[in-house]
Amino acid sequence: MAFLEVKNIGYSYSKGTPFEIVALHDCSFSVEKGEYVGVIGHTGSGKSTLMQMLNALVKPDSGTVMLDGKDINADKETARDTRFRVGLCFQYPEYQLFEETVRKDIAYGPTNMKLSAEEIEQRVQESAQIVGLPPELLDKSPFDLSGGEKRRAAIAGVMAMKPEVLILDEPAAGLDPIGRKVIMDMIEKYRLATGATVLLVSHSMETVAAVADRILVLNKGGIAMDGTVDEVFSRSDELIAMGLDVPAVTRIAVRLKEKGLPVDPCVYSVPQAVSMLLKLIGKKEGTA
Amino acid sequence: MLEEITVEEKLLRFENVTYRYEEDGEEALKGVSFSVQKGEFVVILGHNGSGKSTIAKLSNSIYLPTEGNVYVNGMNTQDEENEMQCRKTVGVVFQNPDNQIVASIVEEDVAFGPENLCVEQSQLRARVDEALKSVGMYEYRMHETHKLSGGQKQRVAIAGILAMRPQCIVLDEPTAMLDPKGRREVMNTVRRLNKDENITVLFITHFMEEAATADRVMVVDDGKIILDGTPAEVFKEVELLQKVGLDVPEVARLTAMLRKNGCDLGDILTEDAFVEAFIRKMEG
Amino acid sequence: MIRDITIGQYFPGTSVIHKLDPRMKIILTVLNIASLFLCRNFFSLLLMLAISVVWVLLSRISFKTILKGLKMILVILLFTAFLQIFYNDGGTVLWHPVESWDFKITTEGVFSAIFIAVRIVALILLSTLLTYTTSPTLLTDAIERLLSPLKVFHIKVHSLAMMMTIALRFIPTLIEEIDIIMSAQKARGADLETGSLMQRAKALVPILVPLFVNSFRRAYELAFAMEARCYGGDGKRTRLRVMKLQGRDFAMLAIALVCLAAAIVTSVVDMGGFFLFEKVI
């Protein structure tokens, strides 16, 4: 049995009223320990709701979520315990900072876990180091940090619980290219340090393709695709039809294919596209 | 005489502008000079904290320069009697769609600006409807603002500025908080306003793809303008851009790498142009 | 769910009720509620309930929506009705389980419980209908105009009205925000449901602090946006929608006044005992 297993999940909002909206229907997938999974879907595809089910924040109407072979919604204790084992970092997490100092804010999760004072301090240091917050910032008020530093402090707050599964919802939203890279690097650092499973939720296929082993594509409350990066990108035209943001080179490849050129639409990085296009030109010049 | 005319053609002019948020704090802008012509589509690029957003608030006298001057249609923003005229001429759309919508209903929000300008009641309705049609939100005029998507909210915010009939719209990272669909909606709306309604646009962003179709691109770093030219000129500076924390759009990188490998397609910045040029290359 | 709160919500429409002059709508609501409280017997109460139902029908807002709003106060409704049964011991005894207890159910208790319940339902119908059918901006505009005589006492009526407009605009945004912050803190192990009162109050800090900080940030940004749109703060503005009293406004006013008169007459004048509910029994 897989480490994290989601079976036939269904969920609707405002259940039992005329305003009922089906958010998810019959979703199943599983994630192995240590996997890096990208979760893609546009706004309203149900991905945020699905992520909140993985740490028992939202209980599915039907179906089960199993962590390490145990139903996470079995009882209150298991559900609460799951919150610490599956760390969920919300979008714009800096808007949830509240403590007097950065140190105390990062320590909030570990404190709720009822760890010893030494253990908490050690975890604060470790996670501050992973996200690249210098020690002198730890005693500052989180509200005095810059925008980028706030985001890092907030993510450190989730990492300090040392979750075995780390879920991040658009962790780089609103950041510039450097800021985006910094965030991706620290996720990688956490992964290497702990061997944790990572689920990265994003709108951007490009971001996900660069880091993930596998991609889950959500569409209209169901799982539309589940496969390796190459498998998913080989269906690029479908991704575009779903209104997802695929890399520019992928769109170009799909359009060249539509124009009748023998192009493989499964490209998602500039170097890939360059070598493919050069091959095409070479072939043409070879025959000419 | 001749000089006066050229000055007037400049809708927005920054002259040696320095801005400090606190009296003895750091300079957010350091002696910046540039001007925007009527009808131009100018994109300002820069990473977070480069000073690019300060430019937006200086352009319609919400902030006043610590040193130097800002002119809107030749009016100095520092003169108090010009304040309202400046704001009427240059409208600003901000980043967070939730925090710039005043009213609960779409059309009431769009009416907010012209109501403040004391536009006669008989003309208000026409202005609101026209502005909403311009951004493609007319069908939503009676909807509640908080139920709209991010892209729709941002288009309502643009309509709210349009209803004041400005000559120039400054957009301060209007797409930063939106999903790809919302970003496309806003970009297409702004492009159309510039092309069809001849509204001057100053578009501030850190998304490089959004700069590709501009008339002119300025790159801001550390409170200074370090690059100013056509998109093709600016995106040739791959190393400099990366040094200041910006990326080059994928299409520009693709053409640059192909050129290095002996396949020159010319200056190409958009996907359409690339597909076209490549097919021409394959056929010819 | 916290998101199900519908207070202050507005359902756009084009019904007669939607089209009434909002100033008149406020006056009518006040008059109707006054009549409701003057009711002393079932005749006038049923009349007011009928009026409320007619209002709902005219507004073309579905009964489902209205009932959803009522659901929120169901507990209060039942509790109040229960107290009425308990405190009234006039009339015929219907049920007296233990002889030595004071507790007994009497006809008068039951009737006054029904009476109170119907009155609360009608009250809720009338007052929610005001916000359901009037856009917040119009509502605050109307309040501004109705209160404008207060300017004589140097009260900044316009600023108050603008504050109300913005408050109503941001209620849904803040409700959504509370929801997100609560979930995010729960994801970090916040326990909001168990513990002593003191502990629970303390557990609210991680929710209230970000909420306040974010609200200040929003206020700051909103102020810039309002300035950019030439807001002066002095109340010198034109309005998209003119308020003009029309025939239907006066017609509704006439009906409301008749109801008020009926309520007063039936409660003061002895109608031969027929309509007074004690006698009905």
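All residue numbers here refer to positions counted from 1 along the written sequence of the relevant chain. Here chains are named by letter from A upward and ligands by number from 1 upward, in the order in which they appear as written. This being a predicted model, a pLDDT of at least 70 is required before a residue's local features are given, and a value of 80 or more before pairs of side-chain atoms are given or counted; all residues contribute to the totals for chains, interfaces and linings. The basis for the side-chain values is all heavy atoms of the structure; hydrogens and waters are excluded.

Peer 1: Just checking my understanding: could you explain the pattern of salt bridges for this structure?
Peer 2: Two side chains that carry opposite charge are able to pair once their charged atoms sit near each other. What makes a salt bridge here is a side-chain nitrogen of Lys or Arg within 4 Å of a carboxyl oxygen of Asp or Glu, nothing more. This structure, assessed with the given rule, holds 48 salt bridges over all chains. The partner of B:Glu130 in a salt bridge is B:Arg165, with the nearest N and O atoms 3.3 Å apart. Of this pair, B:Glu130 sits in helix H5 (residues 121-134) while B:Arg165 is found in the loop between helix H6 (150-162) and strand S7 (168-172), placing the two residues 35 residues apart along the sequence. Using a 1.4 Å probe on the protein chains alone, a residue whose accessible area is under 20% of its type maximum counts as buried, one over 50% counts as exposed, and one in between counts as partly exposed. Its relative accessible area of 46% is what places B:Glu130 among the partly exposed residues. Notably, a salt bridge pairs C:Glu177 with C:Arg218, separated by 2.9 Å at the nearest N-O pair. Taken together, the positions of C:Glu177 in helix H8 (residues 157-187) and C:Arg218 in helix H10 (residues 205-228) put the pair 41 residues apart, joining distant regions of the chain. A helix here means a DSSP run of H or I that spans at least four residues, while a strand means a run of E at least two residues long, and both kinds are numbered starting from the N terminus.

Peer 1: Teacher, can you tell me more about the interface of chain A and chain B here?
Peer 2: For interface size, the figure often reported is the accessible area lost on association. Contact criterion: two residues are considered in contact whenever any of their non-hydrogen atoms come within 4.5 Å of each other. At the interface, 30 residues of chain A touch 30 residues of chain B. For the chain A and chain B pair, buried surface summed over both sides reaches about 2,900 Å², with 67% attributable to carbon and sulfur atoms. Counting across the interface, chain A meets chain B through three salt bridges. Here a polar contact means two N or O atoms within 3.5 Å. Within protein one must be a hydrogen donor candidate and the other an acceptor candidate, and residues neighboring in sequence count only if both atoms are side-chain atoms. The interface formed by chain A and chain B includes seven residue pairs in polar contact (both at pLDDT 80 or more). At the level of elements, helix H6 (177-194), helix H10 (248-258) and helix H11 (270-287) of chain A are the ones that each hand at least two residues to the side of chain A that touches chain B. With nine residues, the top contributor of residues to the side of chain A that touches chain B is H11(A). By convention, the term buried area covers the 1.4 Å-probe accessible surface removed from two parts as they join, with the contributions of both added.

Peer 1: Explain the pairing of strand S1 (residues 10-20) of chain B here, please?
Peer 2: Consecutive residues of a regular strand have side chains that alternate between opposite faces of the sheet. Residues and elements named next belong to chain B. Here seven bridges tie S1 to strand S2 (residues 27-37), and the two strands are oriented antiparallel to one another. Bridge assignment links Leu12 to a residue of S2, and that residue is Val36. Following S1, the chain reverses through six residues before pairing antiparallel with S2. The rule for pairing is simple: two strands pair if DSSP sees at least two bridges between them. The pairing of S1 with strand S4 (residues 67-72) spans five bridges and is antiparallel. Bridging from a neighbouring strand, Leu12 pairs with Val72 of S4.

Peer 1: In this structure, what is going on with the sheet that holds strand S1 (residues 4-13) of chain A? I would like to understand it.
Peer 2: Note on sheets: strands pair through backbone hydrogen bonds, and any given pair is parallel or antiparallel. Residue and element names in this part refer to chain A. Strand order in the open sheet made by the four strands is S2-S1-S4-S5, with antiparallel pairing throughout. Edge positions in the sheet fall to strand S2 (21-31) and strand S5 (70-71), since each of these pairs with one other strand and no more. Relative to S2, S1 runs antiparallel, the two being bridged by seven bridges. Paired with Glu5 across the bridge in S2 is Ser30. Its contacts with the sheet put helix H1 (residues 47-54) on S1, S2 and strand S4 (62-67), and the angle it makes with S1 is roughly 125°. To get an axis, a line is fitted to the C-alpha atoms, and for a helix only the part in contact is used. The angle between two axes follows their N-to-C directions and goes from 0 to 180 degrees.

Peer 1: Just to check I follow, could you spell out the nonpolar core for this structure?
Peer 2: If you look at the biggest cluster of nonpolar residues, it comprises 51 residues, and the most contacted ones within it are A:Ile215, A:Phe233 and A:Leu239. For this analysis, a nonpolar core means a set of buried residues of the types Ala, Val, Leu, Ile, Met, Phe, Trp, Tyr and Cys, connected via side-chain atoms within 4.5 Å. With 50 residues, the next largest nonpolar core counts B:Met137, B:Ala212, B:Leu246 and B:Val248 among its residues.

Peer 1: So what exactly am I meant to see when it comes to the side chain of A:Asn73 here?
Peer 2: Among the secondary structure elements, A:Asn73 is positioned in the loop between S5 and helix H2 (76-85). If near-sequence neighbours (up to four positions away) are discounted, A:Asn73 is found in contact with A:Ala56, A:Lys59 and A:Pro60.

Peer 1: In this structure, what is going on with helix H3 (residues 102-112) of chain A? I would like to understand it.
Peer 2: Given 3.6 residues per helical turn, the α-helix brings residues three or four places apart onto the same face. By the criterion of burial, H3(A) is predominantly enclosed, with eight of the eleven residues buried. Buried within H3(A) we find A:Val102, A:Asp105, A:Ile106, A:Ala107, A:Tyr108, A:Gly109, A:Pro110 and A:Asn112. Each element contacted by the buried residues of H3(A) is listed here: H2, helix H4 (117-131) and helix H5 (147-159) of chain A together with H8 and H10 of chain C. The positive-phi residue at the C-terminal boundary of H3(A) is A:Lys114, with phi of around 60°.

Peer 1: Teacher, can you tell me more about the packing of aromatic side chains here?
Peer 2: Aromatic ring pairs are defined here through the distance separating the ring centres and the angle between the ring planes. Any two of the Phe, Tyr and Trp rings considered here, Trp counted by its six-membered ring, make a pair once their centres fall within 6.5 Å; the pair's planes then place it as stacked at under 30 degrees, edge-to-face at over 60, or tilted in between. By the definition in use, this model includes 14 aromatic pairs over all chains. Seen from their ring centres, B:Tyr21 and B:Tyr63 are 5.5 Å apart, and the 90° between their planes marks the pair as edge-to-face. Placement of the pair is B:Tyr21 in the loop between S1 and S2 and B:Tyr63 in the loop between helix H2 (52-58) and S4, with a sequence separation of 42 residues. You can call B:Tyr21 partly exposed: its relative accessible area is 47%. Centre to centre, the rings of B:Phe112 and C:Tyr231 are 5.6 Å apart; their planes meet at 25°, and the pair counts as stacked. Here C:Tyr231 lies in the loop between H10 and helix H11 (247-268) and B:Phe112 lies in helix H4 (residues 106-116), a pairing that spans two chains.

Peer 1: What is the right way to read the domain arrangement of chain A from this model?
Peer 2: All names here are of chain A. By domain assignment, chain A separates into domain 1 (4-244) and domain 2 (247-288). Segment limits for the domains were obtained from an automatic or database-derived domain assignment. Computed from C-alpha coordinates alone, the two centres of domain 1 and domain 2 are separated by 35 Å. Every contact between the two is made by ten residues of domain 1 and, on the other side, eight residues of domain 2. Between domain 1 and domain 2, roughly 730 Å² of surface is buried when both sides are summed, and carbon and sulfur atoms account for 77% of that area. The largest contributions to the domain 1 side of the interface with domain 2 come from Asp230, Phe233 and Ile240, which together make up 48% of the buried area. On the surface where domain 1 and domain 2 come into contact, there are two residue pairs in polar contact (both at pLDDT 80 or more).

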